[in-house]
Structure formats: structure tokens, C-alpha cells
There are 2 protein chains.
Amino acid sequence: MDAPAVIRALGALAQEHRLAAFRLLVQAGDEGMHAGAIAERLGIVSSSMSFHLAALAHAGLVSQRRQSRLIIYTVNYPAMNGLMGYLTENCCGGVPCLDDAVCCPPQTNIANPHPAENVA
Amino acid sequence: MDAPAVIRALGALAQEHRLAAFRLLVQAGDEGMHAGAIAERLGIVSSSMSFHLAALAHAGLVSQRRQSRLIIYTVNYPAMNGLMGYLTENCCGGVPCLDDAVCCPPQTNIANPHPAENVA
DNA sequence: TCCATATTTCGATAATCATCGAATCGTGGA
DNA sequence: TCCACGATTCGATGATTATCGAAATATGGA
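Residues numbered from 1 in each chain as written. Chains lettered and ligands numbered in written order. Predicted model: local features only at pLDDT ≥ 70, side-chain atom pairs only at ≥ 80, totals over all residues. Heavy atoms only, no water.

**Re the protein's contact with DNA strand D**
Here comes step 1: Lining the immediate surroundings of DNA strand D are 22 residues, of which Gly-36 and Tyr-73 of chain A together with Arg-18, His-52 and Arg-69 of chain B lie closest.
Here comes step 2: Considering the 4 Å shell around the protein, atoms of DNA strand D inside it are sugar or phosphate in 72% of instances.
Here comes step 3: In the model, a phosphate oxygen of DNA strand D is placed 3.1 Å from a nitrogen or oxygen of the His-34 of chain A side chain.
Here comes step 4: Only α3 (35-42), α4 (46-58) and β3 (70-75) of chain A together with α2 (16-28) and α4 (46-58) of chain B provide two or more residues apiece to the surface near DNA strand D.
Here comes step 5: A total of four residues in the surface near DNA strand D trace back to one element, the largest contributor, which is α4 of chain B.
Here comes step 6: Residue composition of the surface near DNA strand D, grouped by class: six nonpolar, 12 polar and four charged. (Near = heavy atom within 4 Å. Polar contact = N/O pair within 3.5 Å; in protein donor to acceptor, adjacent residues only side chain to side chain. Helix = DSSP H or I, 4+ residues; strand = E, 2+ residues; numbered from the N terminus. Nonpolar A, V, L, I, M, F, W, Y, C, P; charged D, E, K, R; others polar.)

Here is the structure:
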């Protein structure tokens, strides 16, 4: 994941309704949710929801699939992990982190410094 | 960390120069960097740098301290971890994650579901 | 006290973004 | 074929944001 992709992802999430939609999808898991259901849960009109879902999709954070007349959205977990990895990369210059710098728990950054570099 | 705080943090990071500055500070660790040094590394004028650093500080992502004439910026690690925790909270509805859903490694989300809830 | 340096604030401009209603597109059932 | 429904696109409006140079503020040294 390169800087422009990270900026797109962060920018996509930095909005009330998109962040809420993303969290709904994170919690929904692979089952996902369709556009109308998300709009209803968030209480916004469908055109705005579509605008926001397109932004999340363009940022690579969610995927969509059609199921009859519904469009089902699911979280793109590799992108999500790539985002996390980018922010914590080389935390503390490689020096073992302090107690409150949980940014690099041993199992992800020390044993496997760049767990998400295989993400586009 | 509540939704508005997360949105401020994400919005602060969703900008080329702020993201770059934040990463510099993540890698600098507790030693930090002063405003001028960051501006020089990023190749932007000091007034713009000040604008961006203020945005990061307002979002709670960085802290500042004065050292003689320099203002040293450091990453606020608890806020950083709070951000990560918020995004992955209740990942997959609590169901054990798939292999590519590294969003909730056992040591953070399962053994300790909400590791960053003590962040303001 | 006076000057040099580091940083922030101010003012103006250009660009991007969120929102809504209306219109359009695509799918499936009668 | 025609209709209903879910979703997206379009057009317009109002608000927020990034950028820069100039000016102001604050600290430390001569």
C-alpha cells in the first residue's frame, strides 16, 4: 500500500457516515450488507449513501457484489490491514516500543515487521 | 475514543503532508522532531507546516513541547492505538476472523477486546 | 536593549467535498 | 411487455480546506 492509496483510504473514512458504514460492514463480516440496509441504519437518503459507498469502494476499502436486485457491500480486509500496517511501519525507528506504544505488538511488527506489504 | 475524535484523527491524516509528517514522528519515537526540521524534510514553507502540525495536534495525534527556541513534536501513541482499536472493534461481529482478516489478532481483540478504550 | 531565529497567525485565493431532489439505469416479477 | 423497486448518476448549492507571502509573536544571545 503506497502513500496515495493510504490517503484515499483515510480520506474515505474521515467522514461521519462513511466511518459509520465502514464499521457496520466490519461487524457484518463476509456476509456484508446491501446499500439500502446501510442507508436505513444510518438514516440518510439513498443517493447520499451511494455517493459514500462509491467513495469507500474507490478507496479500496469495500467490495461490492450483486445479488439479484441488491448490491452487497463487504469490507476489504487486506486493504484494512494494509492501512494499519502503513501507519505503524517502522514505529519508534525499530527500537522496541514503550509500554504505551502498543503500535507494534511483537506478533505483528517485530516477528513480522511488515505484515501487510503484500496488499496492492 | 469516540466517533468525532476518530473522524478528526482520520481527517488529519488524510493529507499528503500531514501523513508524511506523522510517519516521520512515528519513526522518530519519543525523541521527536522540531517543526523546522519536519518542514525541511517535507519541502514545504514553515507557515504551511505550522498549519498542518496544528491540525495533527488538534486531532490529538501529536504532542508538542518547547525546547529553547524549538518546538518539538512527538506522536501521541495512545491516540494512535485508540484509532486502530476503533476501526477494528467488533470485527466480524465477534466471530473468529478469517485468515485474511488479520484485523483482530488474538492478543489484541480476543484476549483484550477493547485495548484502547481508556484513550480520551 | 537590540537583533536573529523559530514558529505561528492572518488574509486571500483556488480547489475539493457533502448534501439533496430529480432523473436514469438495471433487475426481476406479473 | 410493462411495472415496481433498488441503486446510481446528475446538477446545483453551501461549506470546508490547502496554499502562500506577509506580518506578528516569542525565545535566546550579543
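**Comments concerning the pairing of strand β3 (residues 70-75) of chain B**
All names here are of chain B.
Here comes step 1: For strand β1 (residues 33-34) and β3, the ladder comprises two bridges, and the chain directions are antiparallel. Following the sheet pairing, His-34 is matched in β3 by Ile-72.
Here comes step 2: Bridge count for strand β2 (residues 62-67) against β3 is six bridges, and the pairing is antiparallel. Bridge pairing in β3 places Ser-63 opposite Thr-74.
Here comes step 3: Taken together, β2 and the strand that follows it, β3, pair antiparallel across an intervening segment of two residues, in which Ser-68 is found at a positive phi of about 60°. (Pairing = 2+ DSSP bridges.)

**Side note on the protein's contact with DNA strand C**
Here comes step 1: Residues in contact with DNA strand C amount to 22 residues; listed here are only the nearest, Arg-18 and His-52 of chain A together with Gly-36, Ser-47 and Tyr-73 of chain B.
Here comes step 2: The sugar-phosphate share of atoms of DNA strand C within 4 Å of the protein amounts to 71%.
Here comes step 3: With respect to DNA strand C, the side chain of Ser-47 of chain A contributes an N or O atom lying 3.3 Å from a base oxygen.
Here comes step 4: A distance of 2.5 Å is found between a phosphate oxygen of DNA strand C and a side-chain nitrogen or oxygen belonging to Tyr-73 of chain B.
Here comes step 5: Of all the secondary-structure elements, those providing two or more residues to the surface near DNA strand C are α2 (16-28) and α4 of chain A together with α3 (35-42), α4 and β3 of chain B.

**Quick word on the nonpolar core**
Here comes step 1: Judged by nonpolar contacts, the single largest core of 68 residues is most densely connected at Leu-10, Ile-38 and Leu-61 of chain A together with Leu-10, Ile-38 and Leu-61 of chain B.
Here comes step 2: Setting aside anything within four residues of it in sequence, one finds Leu-61 of chain A in contact with Ala-9, Ala-12, Leu-13, Phe-22, Leu-56, Thr-74, Val-75 and Asn-76 of chain A. (Core = buried A, V, L, I, M, F, W, Y, C linked by side-chain atoms within 4.5 Å. Buried < 20%, exposed > 50% of the residue type's maximum accessible area, 1.4 Å probe, protein only. Contact = heavy atoms within 4.5 Å.)

**A short note on the sheet that holds β1 of chain B**
Here comes step 1: One open sheet holds the three strands; their spatial order is β1-β3-β2 (chain B), and the pairing between them is antiparallel. Looking at which strands have only one partner, the edges of the open sheet turn out to be β1 and β2 of chain B.

**Points about the side chain of Arg-18 of chain B**
All names here are of chain B.
Here comes step 1: Turning to its location among the elements, Arg-18 is positioned in helix α2.
Here comes step 2: For the buried Arg-18, which has no salt bridge, the nearest side chain bearing the opposite charge is Glu-16, at an N-O separation of 11 Å.
Here comes step 3: At 3.4 Å, the side chain of Arg-18 and the backbone oxygen of Gly-11 are in polar contact.
Here comes step 4: In this structure Arg-18 touches Gly-11, Ala-12, Phe-51, His-52, Ala-55 and Leu-56, once residues within four positions along its chain are discounted. (Lys, Arg positive; Asp, Glu negative; His and termini not counted. Salt bridge = Lys/Arg side-chain N within 4 Å of Asp/Glu carboxyl O.)

**Concerning the sheet that holds strand β1 (residues 33-34) of chain A**
Here comes step 1: One open sheet accounts for three strands, arranged β1-β3-β2 (chain A); its pairing is antiparallel. Each of the sheet's edge strands pairs with one partner strand only, and the pair in question is β1 and β2 (62-67) of chain A.

**Regarding the environment of Leu-42 of chain B**
All names here are of chain B.
Here comes step 1: Residue position: Leu-42 is located in helix α3.
Here comes step 2: The spacing of Leu-42 and Leu-24 is 18 residues in sequence and 9.7 Å in space, taken between C-alpha atoms.
Here comes step 3: Excluding residues within four positions of it along the chain, Leu-42 makes contact with His-17, Ala-20, Ala-21, Leu-24 and Met-49.

**Here's the deal with the environment of His-58 of chain A**
Residues and elements named next belong to chain A.
Here comes step 1: By secondary structure assignment, the location of His-58 is in helix α4.
Here comes step 2: According to the relative accessible area criterion, His-58 is exposed, its value standing at 62%.
Here comes step 3: Sequence-wise, His-58 and Ala-12 are 46 residues apart; in three dimensions their C-alpha atoms are separated by 8.6 Å.

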